[in-house]
Amino acid sequence: AGAYDYFVKSSNKDHLKLLSPTLENAIKYRENEEKIRILSRALMSINDAVYITDLNDNLIYVNNSFTKIYGYSFQEVIGKNSHFIWNDGEYSAYKNLLNSEKHHQKFEGEFTNCRKDGTTFPISLSVSHIKDSFSDSIIAYVCIARDITENKKIREELKKYSEELKKYSQGLEIKVDEQSKKLE
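All figures in this text were calculated on a predicted structure; none of them were measured in a lab.

> Explain unusual backbone geometry here, please?
Both trends apply: most residues other than glycine have a negative phi, and most peptide bonds are in trans. Even without being a glycine, Asp 57 presents a positive backbone phi close to 70°. Even without a glycine there, the phi angle at Asp 136 is positive, about 65°. Mapping Asp 136 onto the fold places it in the loop between strand E4 (120-131) and strand E5 (138-147).

> Any chance you could explain the packing of aromatic side chains here in plain terms?
The relative placement of two aromatic rings is captured by the distance of their centres and the angle of their planes. What the rule picks out here adds up to nine aromatic pairs. Pairing Trp 86 with Tyr 91 gives two aromatic rings, centres 6.5 Å apart and planes at 55°, and the pair type is tilted. Like Tyr 91, Trp 86 is buried. Members of the aromatic cluster, each reached through a chain of ring pairs, are Tyr 51, Phe 66, Tyr 70 and Phe 121. Here the guanidinium or amino end of Arg 115 rests over the ring plane of Phe 121, the centre of that ring lying 3.9 Å away.

> What should I look at first to understand the side chain of Asp 48 in this one?
Structurally, Asp 48 can be placed in the loop between helix H1 (15-45) and strand E1 (49-53). The exposure class of Asp 48 is buried, given its relative accessible area of 14%. Sequence-distant contacts of Asp 48, defined by excluding residues within four places in its chain, comprise Asn 63, Ser 65, Ile 144, Ala 145 and Arg 146.

> Looking at this structure, I do not really get the pairing of strand E3 (residues 106-114). What am I missing?
Moving residue by residue along a regular strand, the side chains alternate between the two faces of the sheet. Bridge analysis of E3 against E4 gives nine bridges, and the strand direction is antiparallel. Across the sheet, Gly 109 pairs through a bridge with Leu 125, a residue of E4. Where E3 folds back on E4, the antiparallel hairpin that results is connected by five residues, among which Gly 118 adopts a positive phi of roughly 95°.

> Looking at this model, I keep getting lost on the pattern of salt bridges. Mind explaining?
Two side chains that carry opposite charge are able to pair once their charged atoms sit near each other. Evaluation of the coordinates by the stated rule reveals eight salt bridges. Across the pair Glu 110 and Lys 152 runs a salt bridge, and its minimum N-O distance is 3.3 Å. Of the two residues, Glu 110 is situated in strand E3 and Lys 152 in helix H5 (residues 149-183); the sequence distance between them amounts to 42 residues. Residue classification places Lys 152 among the partly exposed residues on the basis of a relative accessible area of 30%. For Arg 115, the salt bridge is made with Asp 147, and the minimal N-O distance between the two is 2.9 Å. Here Arg 115, found in the loop between E3 and E4, pairs with Asp 147, found in strand E5; they are 32 residues apart in sequence, far enough to count as distant. Given a relative accessible area of 23%, Arg 115 falls into the partly exposed group. The class of Asp 147 is partly exposed, set by a relative accessible area of 31%. Taken together, the shared-partner salt bridges connect Arg 30, Glu 33, Glu 34 and Arg 37 into one network.

What counts, and at which threshold
Residues numbered from 1 in each chain as written. Predicted model: local features only at pLDDT ≥ 70, side-chain atom pairs only at ≥ 80, totals over all residues. Heavy atoms only, no water. Helix = DSSP H or I, 4+ residues; strand = E, 2+ residues; numbered from the N terminus. Phe/Tyr/Trp six-rings, centres within 6.5 Å; stacked < 30°, edge-to-face > 60°. Buried < 20%, exposed > 50% of the residue type's maximum accessible area, 1.4 Å probe, protein only. Lys NZ or Arg CZ within 6 Å of the ring centre and 35° of its normal. Contact = heavy atoms within 4.5 Å. Pairing = 2+ DSSP bridges. Salt bridge = Lys/Arg side-chain N within 4 Å of Asp/Glu carboxyl O.

Take a look at the structure:
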């Protein structure tokens, strides 16, 4: 028996014609599965916290960095409203921003979030809408949160040094003016 004998044959003998499109579909399906796996691995390996919420702000996806940064396990957060990572006042501002930005593709801003242990930390947040490919309506939000604690510390140190230099330079100007007057 040859390979031909193992095909399910149709009564009108067009079974070999159907084989090519079936194999093409199987290959495309396999390629798409691999692309999805790569995208999933990429999201899981990003250093920033990535999370996806539905329109009611319930978490439907978080990456590994989210669990490390915030201190929660996947099981603790999936399906829960994201309110628990926000300071009360900041959550209202975030929700208002989401509602006012529905017609735009994305927004960015700085907020304060809370870890599981109760500590707060500054984040830079980027939020994009995920739209349904058929109706073009928003179906979810993807959020990327970067812990900017170190950046804020550096900015504050630079500001402090800048102010000190400014005071020092003003002192030098006064001394130069005094010396100029003595020479006159």
